[in-house]
Amino acid sequence: MKKACYIGGEWVGTAEYAPLYSPYSGQEIAQIPQADHHTVQKAIAAAEGAATVMRRLPAYQRASLLERISILMNERLEEAATIIAIEAAKPIKTARGEVIRTIQTYKFAAEEAKRLHGETVPLDAAIGGEGRIAYTVREPLGVIGAITPFHFPMNLVAHKVGPALAAGNTVVLKPASQTPLSAFFLAELAEQAGVPAGALNVVTGSGAIVGDQLVRDPRVRALTFTGSPDVGIAIRNRAGLKRVTLELGSNSAVIVDRDVQLGEIIPRCIFGAFAYSGQVCISVQRIYVVKELYEEFVRRFVAETMTLRGGDSISEEADYSAMINPEETKRVLRWIEEARQLGARVECGGQMAERMLQPTVLTGVSANAQVSCQEVFGPVVIINPIDSVYEGIKLVNNSRYGLQAGVYTNNLSLALHAADELQVGGVLINDIPTFRVDHMPYGGVKESGIGREGVKYAMEEMTELKLVIVKR
Ligand code: NAP
């Protein structure tokens, strides 16, 4: 079926189309417009044209539009989950969870639209500041360029579109080439919800053409990007003075101390490592377990991992399915092989079953192996022994990345020490790093990115602070 871009409130075709294939079945599922320079120009112009309308819209009306998107998505929850399952090969159970979160993200955005405010500034605290009243306001920036990845095609789009509209901006959205259908679905809901024409525009096509034009066009005032570090860093280098928020990758880790209950921790770590085949930016990739518990941990972890079931992403039975494409699958297989060459033991998985890479557990992995020091973004976890939590903290910090980290311990002072020392954007005590709810501040340090998402925090990134001073 031929799809269309959504520009200025209209569905617009393009000269070129590309087939979209299901990662699981390999079958064609749609024909996707490939926007050229002219189409992207049109979308940016539409967004710029609508900027004044959005800027002047009262907060209660912006809130009501977002609330309606949230309600409409709730009514079509099953359809939304099926779109994700088919285009991203996300198991339907997991896809449903993503839609439930997306509904909440738009709801949070509706609520935050009403809470966007500045503060008064006591100017008379400075000599010479007397006799003045000062206050700040948060003004929308105008056109926001949103570039999104494949693995949370509804909710990571919501984390950009929700706050942008809540703050009175307009958006040109360029979704990942593998997951455009979720973005078209959102545009349909926005149209139905009565979002003003031009406030949300969806343009599909290659990152190098559509994405790059958003990065370079001076009318786009801010870029919000979630994706791989290489693309993110290149965007930042080309963005000039534009505001840039980057949510990039990680090789997230969890530390397991002595005296903890493995019965609860192991299923949680398995979920963190293999949900959506590890294609999650805060997926558990490295587990460091104190040596007293190490053997038991590995034995039980492997036994439980082997009960996970692979299958068609639309099947209720499937715990995991195919990775996003064959090239990525081959890359992960190469990395597993490299780890093996460097002395790692494959405890389970490491093989293909039909189109699916089995959940893979590696032990005795060298810190130099790519499965340890790079972001795997696949169904692979490493489990290595440590002498103490202190050693674990050093290993976690020995990384280019720093998104979130988890520490399981019953020792309060060790937990607080870890919270102080871990070089990450978020520390989880007694949980895995694979935890996110949609209003919490979320983002990384080092090569995991700059800026924060979580609706309220993203709105700060998407607004300009203006100061007003009234001399009495
Ligand atoms: P990706 O390859 O970097 O693509 C992300 C987006 O950037 C896509 O829309 C892509 O378009 C576009 N793009 C590619 N080249 C571009 C260019 N030269 N200029 C502008 N845009 C360009 O990432 P992905 O494979 O979809 O997603 C996986 C990555 O996202 C992982 O590294 C993961 O850790 C990271 N991630 C981070 C977070 C976080 O919040 N920190 C959350 C989720 C994911 P095409 O699809 O057309 O190439």
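Here the structure is a predicted model, which means the values were calculated and not measured.

Calculation notes
- Residues numbered from 1 in each chain as written.
- Predicted model: local features only at pLDDT ≥ 70, side-chain atom pairs only at ≥ 80, totals over all residues.
- Heavy atoms only, no water.
- Helix = DSSP H or I, 4+ residues; strand = E, 2+ residues; numbered from the N terminus.
- Buried < 20%, exposed > 50% of the residue type's maximum accessible area, 1.4 Å probe, protein only.
- Contact = heavy atoms within 4.5 Å.
- Pairing = 2+ DSSP bridges.
- Axes fitted to C-alpha atoms, helices over the stretch in contact; angles between N-to-C directions.
- Phe/Tyr/Trp six-rings, centres within 6.5 Å; stacked < 30°, edge-to-face > 60°.
- Arc of directions from axis to C-beta.
- Salt bridge = Lys/Arg side-chain N within 4 Å of Asp/Glu carboxyl O.
- Patch = residues over 30% accessible without salt bridge, like charges linked within 9 Å, V, L, I, M, F, W, Y side chains within 5 Å.
- Areas by Shrake-Rupley, 256 points an atom, 1.4 Å probe, with all protein chains shown as cover.

Q: Help me understand the side chain of Asp-212, please; the structure alone is not making it clear to me.
A: Examined against the element boundaries, Asp-212 turns out to sit in helix H7 (residues 207-216). By relative accessible area, Asp-212 is classed as buried at 18%. The residues touching Asp-212, leaving out its near neighbours within four places in the chain, are Gly-207 and Arg-238.

Q: I tried to follow the sheet that holds strand E20 (residues 404-408) on my own but got confused; where do I start?
A: The pairing of strands in a sheet happens through backbone hydrogen bonds and is either parallel or antiparallel. Across the sheet, 7 strands lie side by side as E14-E17-E18-E13-E12-E20-E21; this open sheet has mixed pairing. Sheet topology places strand E14 (345-348) and strand E21 (426-429) at the edges, where each strand pairs with a single neighbour. Ignoring strand direction, the axes of neighbouring strands in this sheet form an average angle of 20 degrees. Relative to strand E18 (residues 380-386), strand E13 (residues 286-290) is paired through 5 bridges, and the arrangement is parallel.

Q: Would you explain the packing of aromatic side chains in this entry?
A: According to the stated counting rule, one finds 5 aromatic pairs in the structure shown. Ring centres of Phe-150 and Tyr-276 lie 6.5 Å apart, and the angle between their planes is 65 degrees; on these two criteria the pair is classed as edge-to-face. In this pair, Phe-150 is assigned in the loop between strand E7 (143-147) and helix H5 (155-166) and Tyr-276 in the loop between helix H9 (262-274) and E13, connecting sequence segments 126 residues apart. Each of the two residues, Phe-150 as well as Tyr-276, counts as buried.

Q: Even after reading the chapter, I still don't get helix H8 (residues 229-238), so can you show me in this structure?
A: An α-helical turn contains 3.6 residues, so any two residues separated by three or four positions project in the same direction. Inspection of H8 places Pro-229, Gly-232 and Ile-235 among the buried residues, and these make up the whole buried set. One side of H8 holds all its buried residues, which, seen down the axis, span an arc of 125 degrees. Exposed side chains of H8 directed beyond 90 degrees from the buried face belong to Asp-230 and Asn-237. In this structure, the buried residues of H8 make contact with E7, H7, strand E10 (220-226), strand E11 (243-247) and strand E19 (401-402). Note on H8: the residue one or two positions beyond its end, Gly-240, has a positive phi of about 60 degrees.

Q: When you look at the pattern of salt bridges in this model, what are you seeing that I'm missing?
A: Pairs can form between side chains of opposite charge once their charged atoms are near each other. In total, this model carries 29 salt bridges according to the counting rule given. In this structure, the salt-bridge partner of Arg-96 is Glu-78, at a minimum N-O distance of 2.9 Å. Of this pair, Arg-96 sits in helix H4 (residues 92-113) while Glu-78 sits in helix H3 (residues 77-88); the two residues are 18 residues apart in sequence, bridging distant segments of the chain. Note that Arg-436 and Glu-453 form a salt bridge whose closest N and O atoms lie 3.9 Å from each other.

Q: I'm lost on the sheet that holds strand E24 (residues 463-471) in this one. Help?
A: If you trace the 3 strands from one edge of the open sheet to the other, you get E5-E6-E24, paired in antiparallel fashion. Of all the strands in the sheet, the pair left with one neighbour each is strand E5 (120-121) and E24. Here strand E6 (residues 132-140) runs beside E24; their pairing, made up of 9 bridges, is antiparallel. Bridge pairing links Arg-138 to Leu-465 in E24.

Q: Before we go on, may I ask you to explain a nonpolar patch on the surface in this structure?
A: Judged by side-chain polarity, Ile-133, Tyr-135 and Val-470 come together as a nonpolar surface patch covering roughly 230 Å² of accessible area. By the secondary structure assignment, Val-470 is in strand E24. The class for Val-470 is partly exposed, based on a relative accessible area of 38%.

Q: Which parts of the structure should I look at to understand unusual backbone geometry?
A: Among all residues except glycine, the phi angle is most often negative; among peptide bonds, the trans geometry is most common. Positive phi, close to 55 degrees, is recorded for Ala-89, a residue that is not glycine. When you line up the elements, Ala-89 lands in the loop between H3 and H4. Even without glycine at this site, Asp-259 takes up a positive phi of about 60 degrees. Residue position: Asp-259 is located in the loop between strand E12 (253-256) and H9. Among the residues examined, Asp-259 registers a relative accessible area of 61% and is labelled exposed.

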